[in-house]
Amino acid sequence: MAGDGPVDVLIVDDDELIRVGLRAIIDAQPDLRVVAEAADGAEVPPLVARHRPRVVLMDVRMPAIDGIQATRRLLDTSPEPPRVLVITTFANDEYVYAALRAGASGFLLKRSRPAEVVEAIRVVAHGESLLFPAAIRRLADAYAPRGGDGLRRARLTAREEEVLRLMAAGLSNVEIAGELVLGVETVKTHVGNVLAKLGARDRTQAVIAAYESGFVTPAG
């Protein structure tokens, strides 16, 4: 799943035309490769076990097992789950926020340009910055439940809190290092500590916890 070579991608969408279009976009890139396709969320766990993709492009709305359920099942059943990138028709969709809460690392609009599709896959695959932070902020403003105490229980240090705020703003590790005048490896250590203390598998889950606890607000 990890390592050198192309980023392997699994496409999950009940619309065959969407799958064909995404495959053409992805396979045109030398660093990306589609390893399998599925038309329903129920097919995802066995395909992930067989092909070990690094990224799953997951339609959020499917007639049988939707993207929310499929994401949750995948993270529950896979010992090394891939990153999930939700694909959706509408950005301000409660289903999208539910999928992010279930463990998806980001989302992508079906009307996105090819360059945006490949860049989103690369960002999610490498996990060193937050995909579309402003859009996640809007979703949190509309749908995030308030009052979680995950941040208080995590007992982040003052420096880790600074790092989390900058993560929520969408800064990469390199950008955080420049902002705080730290080495990149030091920032990576702080990010790792934040994720571990929050029980978050990636930056997106950490940022959602920050919004839901009120530590970070959509207004900034």
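Residue numbers here run from 1 along each chain, matching the order of that chain's written sequence. Thresholds applied to this predicted model are a pLDDT of at least 70 for local features of residues and 80 or more for the giving and counting of side-chain atom pairs; totals over whole chains, interfaces and linings are not thresholded and use all residues. Hydrogens and water are ignored here; the side-chain numbers use all heavy atoms of the structure.

A look at the overall build of the protein chain
Phase 1 of the analysis: Runs of E in the DSSP output that reach at least two residues are strands. Runs of H or I that reach at least four are helices, and both are numbered from the N terminus. Of the regular secondary structure elements, the protein chain holds eleven helices and five strands.
Phase 2 of the analysis: Based on the C-alpha atoms only, the size of the protein chain along its principal axes is roughly 50 × 35 × 30 Å.
Phase 3 of the analysis: When burial is assessed residue by residue, the protein chain has 49% of its 220 residues classed as buried.
Phase 4 of the analysis: Here, two residues are considered to be in contact whenever any of their heavy atoms come within 4.5 Å of each other. Summarising the internal contacts of the protein chain: among those between residues at least 6 apart in sequence, 69% fall at separations of at least 24.
Phase 5 of the analysis: For the protein chain, the computed accessible surface area is about 10200 Å², with 51% contributed by carbon and sulfur atoms.
Phase 6 of the analysis: Note that His is not counted, nor are the chain ends; the positive residues are Lys and Arg, and the negative ones are Asp and Glu. The atoms used to mark charge sites are NZ of Lys, CZ of Arg, CG of Asp and CD of Glu. The average position of the 27 basic charges and that of the 30 acidic charges among the side chains of the protein chain differ by 4 Å. For the exposure calls, accessible area comes from a 1.4 Å probe over protein chains only, and a residue counts as buried if that area is under 20% of its type's maximum, exposed if over 50%, partly exposed in between. Only the protein chains shown count as covering a residue, and every accessible area follows the Shrake-Rupley method with a 1.4 Å probe.

Some points on the environment of Pro133
Phase 1 of the analysis: Considering the arrangement of structural elements, one finds Pro133 in helix H6 (residues 133–143).
Phase 2 of the analysis: Owing to a relative accessible area of 19%, Pro133 belongs among the buried residues under this scheme.
Phase 3 of the analysis: Separated by 92 residues in sequence, Pro133 and Gly41 have C-alpha atoms that sit 26 Å apart.
Phase 4 of the analysis: Not counting residues within four places of it along the chain, the set of residues in contact with Pro133 comprises Ala168, Ala169 and Gly170.

Section: the sheet that holds strand S1 (residues 7–12)
Phase 1 of the analysis: In short, DSSP must find at least two bridges between two strands for them to pair. Here we have five strands laid out as an open sheet, ordered S2-S1-S3-S4-S5, and parallel in their pairing. Across the chains shown, the open sheet's two edge strands, defined by having one partner strand only, are strand S2 (32–38) and strand S5 (106–109). On average, adjacent strands in this sheet sit at an angle of 25° to one another, irrespective of strand direction.
Phase 2 of the analysis: Strand direction decides the pairing type here: S1 and S2, joined by six bridges, are parallel. Bridged to Val7 within S2 is Leu32. Structural elements are reduced to axes, namely lines fitted to C-alpha atoms, with helices fitted over the stretch in contact, and the angle between N-to-C directions of any two is expressed from 0 to 180 degrees.

What about the nonpolar core?
Phase 1 of the analysis: If you look at the biggest cluster of nonpolar residues, it comprises 55 residues, and the most contacted ones within it are Leu164 and Met167.
Phase 2 of the analysis: For Met167, the residues in contact, after removing those within four places along its chain, are Leu130, Ile176, Val191, Leu195, Arg203, Ala206 and Val207.
Phase 3 of the analysis: The criterion is simple. A nonpolar core is a set of buried Ala, Val, Leu, Ile, Met, Phe, Trp, Tyr and Cys residues joined through side-chain atoms within 4.5 Å. In this structure, Val9, Ile26, Leu108 and Val118 belong to the second largest nonpolar core, which totals 20 residues.

Brief notes about the pairing of S5
Phase 1 of the analysis: Covered by surrounding structure in S5 are Gly106 and Leu108 together with Phe107 and Leu109, the residues of both alternating faces.
Phase 2 of the analysis: Of the pairings in the sheet, the one linking strand S4 (residues 83–88) to S5 comprises four bridges and is parallel in character. If you follow Leu85 over to S5, its bridge partner there is Gly106.
Phase 3 of the analysis: Note on handedness: a crossover is taken as right-handed if, strands pointing away from the viewer, the path from the first strand over the helix to the second is clockwise. Following the chain from S4 across helix H4 (residues 94–102) to the adjacent parallel S5, one finds a crossover that is right-handed.

Focus on the pairing of S1
Regular strands show a simple pattern: their side chains alternate between the two faces of the sheet.
Phase 1 of the analysis: With six of six residues buried, S1 lies mostly within the body of the structure.
Phase 2 of the analysis: The two faces of S1 match: Val7, Val9 and Ile11 on one face and Asp8, Leu10 and Val12 on the other face are all buried.
Phase 3 of the analysis: At this point the chain moves from S1, through helix H1 (residues 16–27), to the parallel S2, and the crossover so formed is right-handed.
Phase 4 of the analysis: Bridge analysis of S1 against strand S3 (residues 55–59) gives four bridges, and the strand direction is parallel.

Considerations on the packing of H4 against helix H11 (residues 203–213)
To characterise two packed helices, one gives the angle between the axes of the helices and the distance between these axes.
Phase 1 of the analysis: The contact between H4 and H11 brings their axes to 9 Å, and the two run at 110°. Between H4 and H11, the crossing angle belongs to the class labelled roughly perpendicular. Seen from H4, the contacting residues are Tyr97, Leu100 and Arg101; seen from H11, they are Thr204, Gln205, Ile208 and Glu212.
Phase 2 of the analysis: The residue makeup of the contact of H4 with H11, split by class, is three nonpolar, two polar and two charged. Convention used here: angles under 35 degrees read as roughly parallel, angles over 145 as roughly antiparallel, angles from 65 to 115 as roughly perpendicular, and any remaining angle as oblique. Three classes are used: nonpolar for Ala, Val, Leu, Ile, Met, Phe, Trp, Tyr, Cys and Pro, charged for Asp, Glu, Lys and Arg, and polar for all others, with Gly counted as polar.

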